[in-house]
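# Report on the structure
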Amino acid sequence: MSEEQLQRDFQSKLDAEIRIEPKDWMPDDYRKTLIRQISQHAHSEIVGMLPEGNWITRAPSLRRKVALIAKVQDEAGHGLYLYSAMETLGEPRSKAIDDLHSGKAKYSSIFNYPTLTWADMGAIGWLVDGAAIQNQVPLCRTSYGPYARAMVRVCKEESFHQRQGYEIMMELAKGTPAQKAMAQDALNRWWWPSLMMFGPPDKDSKHTAQSMAWKIKRHTNDELRQAFVDKTVPQGEFIGLTFPDKDLKWNEEKGHYDFGDINWDEFYNVIKGNGPCNKERIKARRAAKENGAWVRDAAAAYAKKKQNKSTEKAA
Amino acid sequence: MTNDLLKYVLRRADSELVLGHRMSEWCGHGPELEEDIALINISLDHLGQSRSLYQYAAAVDGEAKTEDHYAFQRNERDFGNFLICELPNGHYGNTIARSFFYDVHSLLFYERLVHSADKTLAAIAEKSLKEVKYHFRHSAEWVIRLGDGTEESHAKMQEAIDEIWTYTGELLTDDELDIEMNKQGIGVLNSSLKDAWYNKVEAVLNEATLKIPEGAYFQTGGKSGIHTEHLGYLLAEMQYLPRQHPEATW
Ligand SMILES: [Fe+2]
Ligand SMILES: [Fe+2]
């Protein structure tokens, strides 16, 4: 088949909302875009284990401790499904991880902020997982089959995380004055970085148009951000917290909240590696890999010995 | 009698909590992603077992106590966990050695505890046993892989086994409370597990091409609240929030 014919087939599948599968022909750039997006997403799950892992040993009740550990475990699982989806595109996990460790691959910049108090476990679940859901629910209908299917599983768990985080915030907000202050402080620190999770404004987003045409993305960054604000603000108000934005108010005419300007300098700085925890996060991931090298080598050596023994027996 | 049972239940709960807490420290730092998930699973099992036991303790105690009271409001000297549970994680081989010795004990212990005259303990044992079988398989397989893997892993694993050996004696001896609870048909004599424990350990170490350590001096004290210096730090970290906010619920 000619390249043109293949291209036409591919496009007609997209038009008919038929999923593209690993064995199907696809344009190189489509493949590359997916590898970039899925690996970034997988890395975000894995790096995202660190800021929350930071509070596992200090969770204030057994119920909270177990729930937090289970949540971080879910994120590890998300990383696994996503790396598997990425591998169906021909990109090995080890290479993607090397790119993360060398700084070539990106991950969600939100995880470069520190978790300073227990309330951050609430704020992250509520806001960060909440924003992740907003981004990810449409991805359950993304055009690449393995990615869409991975996202269905991920989204179920993310909405559970979001509720769990909100519940932590609610408990703090109705607690002692110190607890309430802790919750408010966490909201103040995590609100703006959460809005940045949707990426640069549409006018500056270099990937959005092509990704929409390929039906990888279904909504623009600004649409998703607006939907998140509209959904989240009433939740915060309901538990008596205030948002750190003096321009935030309901716009009757538009049927949406207006909100203030996002500090994009900060966003680009964190992406460039200048966030408060960028270096620590990557250092922790590298250390895990380096400290575990002898363990992985041993497992490989042992598996090989076993295999040799069984082929000897068979011979 | 109630007091004895309470103490007996609590110290088992403490072992599960402290070991589960230690294992949760691996979260995000394991040697590979699949192992991270396995370690977290096991940590969650230990913590789940501790919660069942603390909840039972609260029922026995009858003073409107909760599981969190036992975990967060007691001091170093009140904790009755085995010393082995509180040892720091070290490298992966140290963690595996610690789990392995403990898992062999748990497996044998819960296998007997399912016959306890105390129906609640028997039910907890039954549920735990399913989990512990998996823990044992996981830790034993890693002892074998690391022992019979590379030269480096063999050396590291042997060193880990040798280092931790001194904490295994406590798993196999009884104090007055063990003897009393066994007399009542409620508890299990650790000493009765000794032969089976050695046989299982020896079989795995042999397959792993590792040597059974020769040292015969064993540390004790966990059950009577005489701990290593490590436990104080673990509790300080774990308990700080509820202690800082005594009025709060979470
Ligand atoms: Fe996730
Ligand atoms: Fe999540």
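Notes on the structure in this doc start here. Since the model is a prediction, treat every value here as computed from it, not as a measurement. (Residues numbered from 1 in each chain as written. Chains lettered and ligands numbered in written order. Predicted model: local features only at pLDDT ≥ 70, side-chain atom pairs only at ≥ 80, totals over all residues. Heavy atoms only, no water.)

### Considering the pattern of salt bridges
To be explicit about the condition: Basic side-chain nitrogens of Lys or Arg form a salt bridge, by our definition, when they fall within 4 Å of a carboxyl oxygen of Asp or Glu. The numbering of helices and of strands both runs from the N terminus, where a helix is a DSSP run of H or I of at least 4 residues and a strand a run of E of at least 2. Three labels apply to residues, based on accessible area from a 1.4 Å probe with only protein chains included: buried if under 20% of the type maximum, exposed if over 50%, partly exposed otherwise in between.
Tallied over the full model, the rule gives 33 salt bridges over all chains. Linking A:K305 and B:D148 is a salt bridge whose minimum nitrogen-to-oxygen distance equals 3.0 Å. Residue A:K305 is located in helix α13 (residues 293-314), and its partner B:D148 is located in the loop between α6 (119-147) and α7 (151-164); the two belong to separate chains. Relative accessible area serves as the criterion here: at 32%, A:K305 is assigned to the partly exposed category. Residue B:D148 is classed as buried on the basis of its relative accessible area, which comes to 12%. Shared partners join several salt bridges into a network, and the residues in it are A:E52, A:K71, A:E75 and A:D129.

### What about the state of the cysteines?
Definition in use: Two cysteine sulfur atoms make up a disulfide if the distance between them is within 2.5 Å.
Enumeration over the complete set of coordinates arrives at zero disulfides over all chains. The thiol of A:C155 is not disulfide-bonded; the next cysteine sulfur, from A:C140, is found 3.7 Å away. On the basis of relative accessibility, which here comes to 10%, the residue A:C155 falls in the buried class. B:C27 takes part in no disulfide bond, and the closest cysteine sulfur to it belongs to A:C277, at a distance of 17 Å.

### Observations regarding the coordination of the iron ion (ligand 1)
All names here are of chain A. Rules: Coordination partners: N, O, S within 2.8 Å of the metal, 3.2 Å for Na, K and Ca; water not considered, so apparent gaps in a site are possible. Sites are called tetrahedral only when four donors show all angles between 85 and 135 degrees, square planar or octahedral only when four or six donors show opposite pairs over 155 degrees and all other angles between 65 and 115, and irregular in any remaining case.
Protein-derived ligands of the iron ion (ligand 1) are E45 (OE), E75 (OE), H78 (ND1) and E158 (OE), with the metal-ligand distances lying across 2.0 to 2.2 Å. Each of the four donor atoms around the iron ion (ligand 1) contributes to a set of angles spanning 85 to 142°, which defines the coordination as irregular. Between the donor residues of the iron ion (ligand 1), the gaps in sequence give the motif E-x29-E-x2-H-x79-E. Taken as a pair, the iron ion (ligand 1) and the iron ion (ligand 2) show a spacing of 3.5 Å, with E75 coordinating each metal. Of this pair, E75 and H78 both sit in helix α4 (residues 62-87), three residues apart, which is roughly one turn of that helix. The burial state of E75 is the same as that of H78; both residues are buried.

Geometric values such as these leave the question of function open.
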